[in-house]
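# Chain and residue survey
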Amino acid sequence: MKILSASQVRELDAYTIQNEPVSSLDLMERAARAFVCWLCARYDNRKRIVIFCGKGNNGGDGLAIGRLLSGKGYPVSVHVVHYTQKATDDFQANLDQLGDFLAIHDIRHVEDIPNLPAGDLLIDALLGSGLSRPASGLLEKVIGALNDSPAEVISVDIASGLYMDKVNDTTDAVVKPNHTVSFQLPKLAFMMPHNGPFVGNWHVVDIGLSQTRIDQTETPYYFTDAPAARHLIRAREKFSHKGTFGHALLLAGSYGKMGAAQLSGGACLRAGVGLLTVHVARCGYTIMQIALPEAMVSVDIHEQLITTLPELAPYTAIGVGPGLGKEPQTLKALDELIEQAKVPMVWDADALNLLSENPDLLKRLPAGTLITPHPKEFERLAGKSNDDYERLELARRFAQEHSLVVCLKGAHTAVIFPNGSVHFNATGNAGMATGGSGDVLTGILTSLLAQKYPPEDAARLGVYQHGVAGDRASRARSKVSMIASDIVENLGW
Ligand SMILES: NC(=O)C1=CN([C@@H]2O[C@H](COP(=O)(O)OP(=O)(O)OC[C@H]3O[C@@H](n4cnc5c(N)ncnc54)[C@H](O)[C@@H]3O)[C@@H](O)[C@H]2O)[C@@H](O)CC1
Ligand SMILES: Nc1ncnc2c1ncn2[C@@H]1O[C@H](COP(=O)(O)OP(=O)(O)O)[C@@H](O)[C@H]1O
Ligand SMILES: [K+]
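Bear in mind that the values here come from a model prediction, so they are computed numbers and not experimental data. (Residues numbered from 1 in each chain as written. Chains lettered and ligands numbered in written order. Predicted model: local features only at pLDDT ≥ 70, side-chain atom pairs only at ≥ 80, totals over all residues.)

## A few points about helix H15 (residues 437-450)
Our working rule: Secondary structure follows DSSP: runs of H or I at least 4 residues long count as helices, runs of E at least 2 residues long count as strands, and numbering of each begins at the N terminus. For a helix, the expected span equals 1.5 Å multiplied by the residue count minus one. Counting other C-beta atoms within 10 Å of a residue's own tells you its class, since 20 or more makes it buried, 12 or fewer makes it exposed, and anything in between is partly exposed; those C-beta atoms are placed from the backbone.
Its 14 residues give H15 an end-to-end C-alpha distance of 20 Å, which sits within 8% of 20 Å, the value for a rise of 1.5 Å per residue. Most of H15 sits out of view: 14 of its 14 residues are buried. Directly after H15, the chain includes Lys452, whose backbone phi takes a positive value near 75°.

Dropping the structure here:
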């Protein structure tokens, strides 16, 4: 699925109106119907609905939603905030229609803002994708009232006050909804960690904007959802054998961190690799043989560290980093790895930290290598950024400059290709914020590379499946209690 900018969405609306053709008022009706359909599936008509409308088309949506919900028997009250004289034509047309159904409450002063008790469901239709400056004055006060209320809030299209595709100031007034119901496509703002409180759980509803036009519109931003991920999965041939699925090598695990090698190795196996060898510090031999009987174990000459490489010829992909440590002897082994490796690689964790401390290594990293930094590791690699948008741009430049596939980890992990395109991930949950989750991802990615998935596909699919396993684990164990080994246990294709 594509993610488009505010101006592209405006153009898409206009194209649909002109070419379908459909009147803009009918398109608004379609948007309102899609929203109402979403709402009715979750809240029955005993719920009291309080709708706050601005005077643009987002407010027009709010009015249409009010009329439709009222028609379905929901107790609805509609409040129009008069922060301006100007109203859009479609807002006005909906206002005229609604007048026949319901009394409309005008908010002209702060005193007109109603009480918002916990049992109500508040609909935020103040401002949508047309936001052009921070909400101020009366709008700011209404936004404050919504945020101060204990009631649940649902934003229409996007939280009022939140920019779709650029950074907000920390002092901006923005609604903090429990849910955002977005029209047609997700918005770039939803992917940004700092926007968490201003998005809540987000959902996309189809309002029938032109698919032809969406296909024609160029964007660097995509969303890897279930259909996109399914498209990447390869079927297993009847006559395939373990040789078909490659031989992965993981360089992971030093004294006190052998669990990282175990987690990564377990995930690599469960992601379908034919054969796995884990190269560990000597002290890990027995641990690994017992913990992962399906894997072969190669031991370093050093008791506690990885300092040498095994013969690399047998392997079809190499993953390096989990539980590695940053000792100088390990750095030397990584230097040799860059010299000798002829197959695709994944670099993670301490391998990335060593890269940050040794820019010469970074320059020599083979094109197409996959790296999996979390934001702190990325900062060490590429430098500081002031906000999420700036970090994303920095990561795009970094991927392009070094010809790497960057998996910038977090909720909605951004998989960034060497051509600068960004693929945000749909799956995963906050239960995965637990030590070892990243090691699991490294194992999955190494497995897919070993099976000859191109690095871009391996990254998108691996990140997606890692999140799916995390979601299954959280259902089985809860977000709080799940641990990284539960993610391995819940991997499934
Ligand atoms: N045909 C369409 O264009 C459709 C639009 N839809 C809805 O329309 C929304 C976009 O509508 P609009 O473009 O009218 O934009 P908004 O409803 O977001 O309203 C913005 C209007 O308020 C002004 N404004 C922007 N920021 C302001 C601020 N901080 N304080 C005061 N005024 C401010 C703008 O100049 C503009 O006139 C979407 O989010 C969606 O909800 C849907 O009905 C689907 C169809
Ligand atoms: N809130 C979250 N929502 C979704 N995924 C998350 C969340 N927090 C962490 N994750 C995922 O868990 C993994 C954590 O990796 P990392 O920080 O390297 O952990 P570790 O170093 O402990 O293995 C990443 O893949 C990340 O995307
Ligand atoms: K809104």
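## A few points about the UniProt feature "domain: YjeF C-terminal" (unreviewed entry) in the protein chain
Which entries qualify depends on this criterion: UniProt positions are given in the numbering used here, feature names are shortened, and annotations may be inferred rather than shown by experiment.
What UniProt calls "domain: YjeF C-terminal" (unreviewed entry) maps, in this numbering, to residues 225-493. For residues 225-493, helix accounts for 45% and strand for 13%, while the C-alpha atoms at its two ends are 15 Å apart.

## Quick notes on unusual backbone geometry
In this model, Glu20 is joined to Pro21 through a cis peptide bond whose omega is -15°. Following the sequence through the fold, Pro21 ends up in the loop between helix H1 (6-19) and helix H2 (24-40). In the Ramachandran plot, Gln184 falls in the positive-phi region, its phi being about 70° despite a non-glycine side chain. Summarising the element assignment, Gln184 is placed in the loop between strand S6 (179-183) and strand S7 (201-205). Of note, the phi angle at Ser403 is positive, near 50°, even though the residue is not glycine. Looking at the secondary structure, you find Ser403 in the loop between helix H14 (388-402) and strand S15 (405-408). Judged by local crowding, Ser403 falls into the partly exposed class, with 14 C-beta atoms found within 10 Å.

## Points about the site of ligand 1
Filter applied, for reference: Placing a C-beta atom from the backbone of each residue, we mark the residue near a molecule or strand if the atom is within 6 Å of it. Nonpolar residues are Ala, Val, Leu, Ile, Met, Phe, Trp, Tyr, Cys and Pro. Charged residues are Asp, Glu, Lys and Arg, and all others, Gly as well, are polar.
Inspection of the region around ligand 1 gives 28 residues, with Gly56, Asn57, Asn58, Gly128 and Gly130 positioned closest. Mapped by element, the contributors of at least two residues to the shell around ligand 1 are H2 and helix H3 (57-71). Tallied by class, residues from the shell around ligand 1 come to twelve nonpolar, twelve polar and four charged.

## Regarding the site of ligand 2
As a structural note, the neighbourhood of ligand 2 is formed by 18 residues, with Ala411, Gly428, Ala433, Ser437 and Gly438 the closest of them. Within the shell around ligand 2, the residues separate by chemical class into six nonpolar, ten polar and two charged.

## Considering H14
The α-helix winds at 3.6 residues per turn, so residues separated by three or four positions along the chain end up facing the same way. Using the following cut-off: Residue pairs qualify as contacts under a 7 Å threshold applied to their C-beta atoms, which are placed from the backbone.
Here H14 contains 15 residues, and its C-alpha end-to-end distance of 21 Å stays within 8% of the 21 Å for a straight helix at 1.5 Å per residue. On its buried face, H14 is in contact with helix H13 (375-382), S15, strand S16 (414-416) and strand S17 (422-425). Where H14 terminates, the next one or two residues include Ser403, which has phi positive at roughly 50°.

## Here we look at the confidence of the model for the protein chain
Selection rule: The predictor rates its confidence in each residue with pLDDT, a number between 0 and 100.
Chain-level statistics for the protein chain give a pLDDT mean of 97 and a share of 100% at 70 or above. With a pTM of 0.97, the predicted complex shows an ipTM of 0.94.

## Considerations on the domain arrangement of the protein chain
The line we're drawing: The start and end points of each domain follow an automatic or database-based domain assignment.
When the domains of the protein chain are assigned, the result is domain 1 (6-218) and domain 2 (229-489). With centres defined by C-alpha atoms, the gap from domain 1 to domain 2 works out at 41 Å. Counting residues at the interface gives six residues for domain 1 and seven residues for domain 2. Taken together, the residues of the side of domain 1 that touches domain 2 sort by class into four nonpolar, one polar and one charged.

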